[in-house]
Amino acid sequence: MTWVFVGASLFASNIGSEHFIGLAGSGAASGLGVAAFELNAMIVIQILGWIFLPVFIASSVATLPEYMNKRFGGNRIRIYLSILSLILYIFTKISVNLYSGALFIKLALGWDLYYSVLLVLGLTGVCTITGGLAAVIYTETIQTVIMIVGGLALMIISYLKIGGYQNLYLKYMDTSNINMSRPNLECALPKQNSFQILRDVSDPDMPWLGFLLGQTPSSIWYWCSDQMMVQRTLAAKSLSHAQGGTLLAGYLKILPLFMIVIPGMISRALFPDTVGCSDPQTCMQVCDSPNGCSNIAYPMLIMNVMPVGLKGVMLAVMLAALMSDLTSIFNSSSTLFTVDIYSQLKKNASNKQLMIVGRLFVLFMVGVGIVWIPVIKNMQGAQLYIYIQSVAAYLSPPIAAVYLLAVLWKRANEKGAFWSLMIGMAVGLVRMFLDFIYYEKPCGQIDDRPAIVKNFHYLYFAVMLFWITVISMIIISLLSRKLENFRLIRTTYWTRMVADKRPDETDDYRILNQSMDHNSEVILNEMELKASKETEVEDGVRNECLSGLMNFVCGFEQLRQQKGDSKKFQIQKQSEAKRRIENFYSLNQSKKSKLILNINLILIVLIAIGLYIFFSIPPQYHIFKNLNKNSTYL
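This is a predicted model, so every value here is computed, not measured.

Asker: I would appreciate a short explanation of the overall build of the protein in the present structure.
Answerer: Secondary structure assignment for the protein yields 25 helices and 2 strands. Evaluated residue by residue, the protein yields a buried proportion of 58% over its 634 residues. Considering only residue pairs separated by 6 or more positions, the protein has 81% of its internal contacts joining residues 24 or more positions apart. Looking at the protein as shown, the accessible area adds up to about 25700 Å², and 63% of this sits on carbon and sulfur atoms.

Asker: Can you walk me through the pattern of salt bridges in this structure?
Answerer: Once their charged atoms are close, side chains differing in charge can pair, the charge on each being opposite to the other. By the definition in use, this model includes 7 salt bridges. Notably, a salt bridge pairs Arg199 with Asp205, separated by 3.8 Å at the nearest N-O pair. What makes Asp205 buried here is its relative accessible area of 18%. Residues joined by salt bridges that share partners form a network here, namely Lys191, Arg199 and Asp205.

Asker: Any chance you could explain the state of the cysteines here in plain terms?
Answerer: Covalently bonding the sulfur atom of one cysteine to the sulfur atom of another cysteine gives a disulfide. Considering all chains together, one arrives at 1 disulfide under this definition. Residue Cys277 pairs covalently with Cys283 via a disulfide, S to S 2.1 Å. An S-S torsion of about 125° defines the bridge between Cys277 and Cys283 as right-handed. The exposure class of Cys277 is buried, given its relative accessible area of 11%.

Asker: Explain the environment of Arg481 here, please?
Answerer: The topology assignment puts Arg481 in the loop between α21 (458-479) and β1 (520-521). Overall, Arg481 belongs to the exposed group, its relative accessible area being 75%. With 68 residues separating them along the chain, Arg481 and Asn413 place their C-alpha atoms 7.8 Å apart.

Asker: Honestly, the nonpolar core in this entry has me stumped. Any pointers?
Answerer: Taken as a class, soluble globular proteins show a tendency for nonpolar side chains to be buried jointly. In this structure, Leu32 and Leu168 are the most contacted members of the largest nonpolar core, which totals 171 residues. With sequence-adjacent residues up to four places away left out, Leu168 is seen in contact with Ile162, Phe195, Ile262, Met265, Ile266 and Ala269.

Asker: Help me out: how do you make sense of the packing of helix α17 (residues 384-395) against α21 in this one?
Answerer: What describes two packed helices is the angle between their axes and the distance between those same axes. Closest axis-to-axis distance for the α17/α21 pair is 8 Å, and the angle between their directions is 20°. Overall, the two elements α17 and α21 adopt an arrangement that is roughly parallel. Remark: the crossing between α17 and α21 carries left-handed chirality. Of the residues in α21, those touching α17 at Ile386, Gln389, Ser390, Ala393 and Tyr394 are Tyr458, Phe461, Ala462 and Leu465. Here the contact of α17 with α21 is built from residues that sort into 7 nonpolar, 2 polar and no charged.

Asker: How should a nonpolar patch on the surface be read in this particular structure?
Answerer: Side chains of Val201, Trp208, Leu209, Leu212 and Leu213 sit close together on the surface and give an oily, nonpolar patch of about 400 Å² of accessible area. For Leu213, a relative accessible area of 45% translates into the label partly exposed.

Asker: Even after reading the chapter, I still don't get the packing of helix α9 (residues 208-224) against α21, so can you show me in this structure?
Answerer: Running from amino to carboxyl end, α9 crosses α21 at an angle of 55°, the nearest separation of the two axes being 7 Å. Overall, the two elements α9 and α21 adopt an arrangement that is oblique. α21 is crossed by α9, and the crossing has left-handed handedness. On α21, the residues touching Leu209, Gly210, Phe211, Leu213, Gly214, Gln215 and Pro217 of α9 are Leu459, Tyr460, Ala462, Val463 and Phe466. Of the residues assigned to the contact of α9 with α21, the class counts are 9 nonpolar, 3 polar and no charged.

Asker: Quick question: what am I supposed to make of unusual backbone geometry here?
Answerer: A negative phi angle is the norm for most residues apart from glycine, just as the trans form is the norm for most peptide bonds. Of note in this structure, Ser60 is not a glycine but carries a positive phi near 50°. Along the chain, Ser60 falls in the loop between α3 (36-58) and α4 (64-72). Despite not being glycine, Arg490 has its phi angle at roughly 60°, a positive value. As for its placement among the helices and strands, Arg490 is situated in the loop between α21 and β1.

Asker: Teacher, can you tell me more about the packing of aromatic side chains here?
Answerer: The way to describe two aromatic rings as a pair is by their centre distance and the angle between their planes. Across all of its chains, the model carries 23 aromatic pairs by this definition. For the ring pair Phe56 and Tyr67, a centre distance of 5.2 Å and an interplane angle of 75° mean the geometry is edge-to-face. Separated by 11 residues along the polypeptide, Phe56 in helix α3 and Tyr67 in helix α4 bring together distant segments of the chain. Look at Phe433 and Phe436: their rings are 6.4 Å apart centre to centre, the planes differ by 70°, and that puts the pair in the edge-to-face class. With Phe433 and Phe436 both in helix α19 (residues 414-437) and 3 residues apart, the pair spans about one turn of that helix. With relative accessibility at 46%, the residue Phe433 sits in the partly exposed group. What makes Phe436 buried here is its relative accessible area of 18%. Following the ring pairs from residue to residue traces out a cluster consisting of Phe37, Phe211, Tyr385 and Tyr612. When the ring centre of Phe418 is taken as reference, the NZ or CZ atom of Arg76 above it lies at 4.0 Å. Seen from the ring of Tyr493, Arg496 lies directly overhead, with NZ or CZ sitting 4.1 Å from the centre.

Asker: How should I be thinking about the side chain of Arg199 in this particular structure?
Answerer: In this fold, Arg199 is placed in the loop between α8 (165-172) and α9. Residue classification places Arg199 among the buried positions, given a relative accessible area of 3%. A polar side-chain atom of Arg199 sits 3.2 Å from the main-chain carbonyl oxygen of Asn193. The residues contacting Arg199, other than those within four sequence positions of it, are Ser30, Gly31, Leu32, Gly33, Lys191, Asn193, Ser194, Asp205, Met206, Pro207 and Trp208.

Asker: So what exactly am I meant to see when it comes to helix α11 (residues 239-252) here?
Answerer: Spacing of three or four residues puts side chains on the same side of an α-helix, whose turn is 3.6 residues. Across its 14 residues, α11 extends 20 Å between first and last C-alpha, which sits within 8% of the 20 Å expected from 1.5 Å per residue. Counting buried residues along α11, 11 of its 14 residues qualify, which places the element largely inside the surrounding structure. Listed in full, the buried residues belonging to α11 are Leu239, Ser240, Ala242, Gln243, Gly244, Gly245, Thr246, Leu247, Ala249, Gly250 and Leu252.

Asker: What is the right way to read the environment of Val6 from this model?
Answerer: Position of Val6 among the secondary structure elements: in helix α1 (residues 3-14). Not counting residues within four places of it along the chain, the set of residues in contact with Val6 comprises Met1, Arg232, Thr233, Ala236 and Gly245.

Asker: Could you clarify how one ought to interpret helix α12 (residues 255-270) in this entry?
Answerer: Compared with an ideal rise of 1.5 Å per residue, which puts 16 residues at 22 Å, α12 spans 22 Å between its outermost C-alpha atoms and is within 8% of the ideal. Most of α12 sits out of view: 13 of its 16 residues are buried.

Reading the values: rules and limits
- Residues numbered from 1 in each chain as written.
- Predicted model: local features only at pLDDT ≥ 70, side-chain atom pairs only at ≥ 80, totals over all residues.
- Heavy atoms only, no water.
- Helix = DSSP H or I, 4+ residues; strand = E, 2+ residues; numbered from the N terminus.
- Buried < 20%, exposed > 50% of the residue type's maximum accessible area, 1.4 Å probe, protein only.
- Contact = heavy atoms within 4.5 Å.
- Areas by Shrake-Rupley, 256 points an atom, 1.4 Å probe, with all protein chains shown as cover.
- Salt bridge = Lys/Arg side-chain N within 4 Å of Asp/Glu carboxyl O.
- Disulfide = S-S within 2.5 Å.
- Core = buried A, V, L, I, M, F, W, Y, C linked by side-chain atoms within 4.5 Å.
- Axes fitted to C-alpha atoms, helices over the stretch in contact; angles between N-to-C directions.
- Parallel < 35°, antiparallel > 145°, perpendicular 65-115°, else oblique.
- Left-handed = near helix turned anticlockwise from the far one by under 90°.
- Nonpolar A, V, L, I, M, F, W, Y, C, P; charged D, E, K, R; others polar.
- Patch = residues over 30% accessible without salt bridge, like charges linked within 9 Å, V, L, I, M, F, W, Y side chains within 5 Å.
- Phe/Tyr/Trp six-rings, centres within 6.5 Å; stacked < 30°, edge-to-face > 60°.
- Lys NZ or Arg CZ within 6 Å of the ring centre and 35° of its normal.
- Polar contact = N/O pair within 3.5 Å; in protein donor to acceptor, adjacent residues only side chain to side chain.
- Expected span 1.5 Å × (residues − 1).

Structural data, given as structure tokens:
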């Protein structure tokens, strides 16, 4: 894949329907603060391209848990990370995407929520089950174009409808629709710092210190050590194309601030009685949630602002976002389960069996995700995106810590990695279950949650959890025996260029041809590679139609061996394997490519920092400098 397809796929895999629903909803509820997550991603994606990706490529792995297996040895870390990743997929991706997509379809078409879920699954299944990673990436490129064009169209129309940014400020901060006769309704008032991204260290929504130190580990997990995202970059033609893809994705991450978050704020300003409802009973009538209706901000904007013809386009945009995210999740979760779990349990499983098991496991995950939807409706506190980030903050910092130390610290060993993961998981699960038990009360009700839940912000908790894991891993690693030296060959940033042969690289596609450059890049998904190395051979034509249908549904490509053609078949098989091996590319890059990539790297970091600073300064000092000084909102 070239850099354009890789970057578009990264963006489309990230921007699902939960972004349109969640980012716009949080924008409506608390202002610009939620955009900090998007600006942070601009920089963290580049950490993937420049730090992690060269190591993953050099170590020639197909899944990230497999990398841990090569780095530390043993299977317990590999299996644990695979299981934890699948759990995170269910609780923060599959169920959330299904809920947010179905919520939009319900509002747009008036369908029942669960009928909408079935529609979403049907459309997504067609794209996923009958295609592999390449099909997913090409589809996501088209969906990226649809998302950007439709999102920009709605952004322009909504900006014109509100009358500009200054009018948005005045109408967003207007409190005339809120009935303040009831007690404890301060939570319903627009926050005075709603037009700032990073806020005071004690801010309940976006404390700047907690965000920079706590969200960054979660972002590193998501972008640098999550199979769904890294898998896209491993499909690039070369390291330069992979880094170009991360740069493109970084530039595209500028868009959600203007294309989703601010339109969500516009929606609250235009529809204060519905999107901005504060009374629990009213909210129940509007959106069936006593905690608030900010999650309907984006669908309300589409249904009430867009012209009739463009509403269908926006429905396509939302479905494209949902399908791109779900196809990525399904493809990655299938790979994780079959490569890292099932193949460990059944060593001699055939390719066709692995394909079928992978598809069946996806169906199981979908079922669990649907069952979890009612929990999300009660747990989200009217902000779907914050629910996602909080769950990630309780489970992902230990993963980020272990991957960082694995890549950057050569002394790290298997005992340190495994037991620090166990300690981090135990601490994180305690806080997560406390959140599930003591969920946030609707606006106007007394908050009687324990102090550790009510006052200990999830971002600050993520900081603590990250450093608990780091310190545990360092201490345990130093107190236990060092790893064998060969474990460091091409598995750390400092040893990624080492050309020595590893004793654990026994498969023919892992042994590099001596005529090739010493450092080669593995860009192939292991499932696709194994399918090219092993081939199911059918004798005769019995049940040919049924077998062909099964192969098509399971994405299994078959080379046929006719009677008397065994030699020809073997040549065909060897030719295909050779073609795959020749797809290894050197980590070396041309001076021109490196110069262009590094200039863009510096540029994108400066843009992210500039946006942070500009939108974190109180707006009366720049954007609204000439606004009426008598305004009560300044």
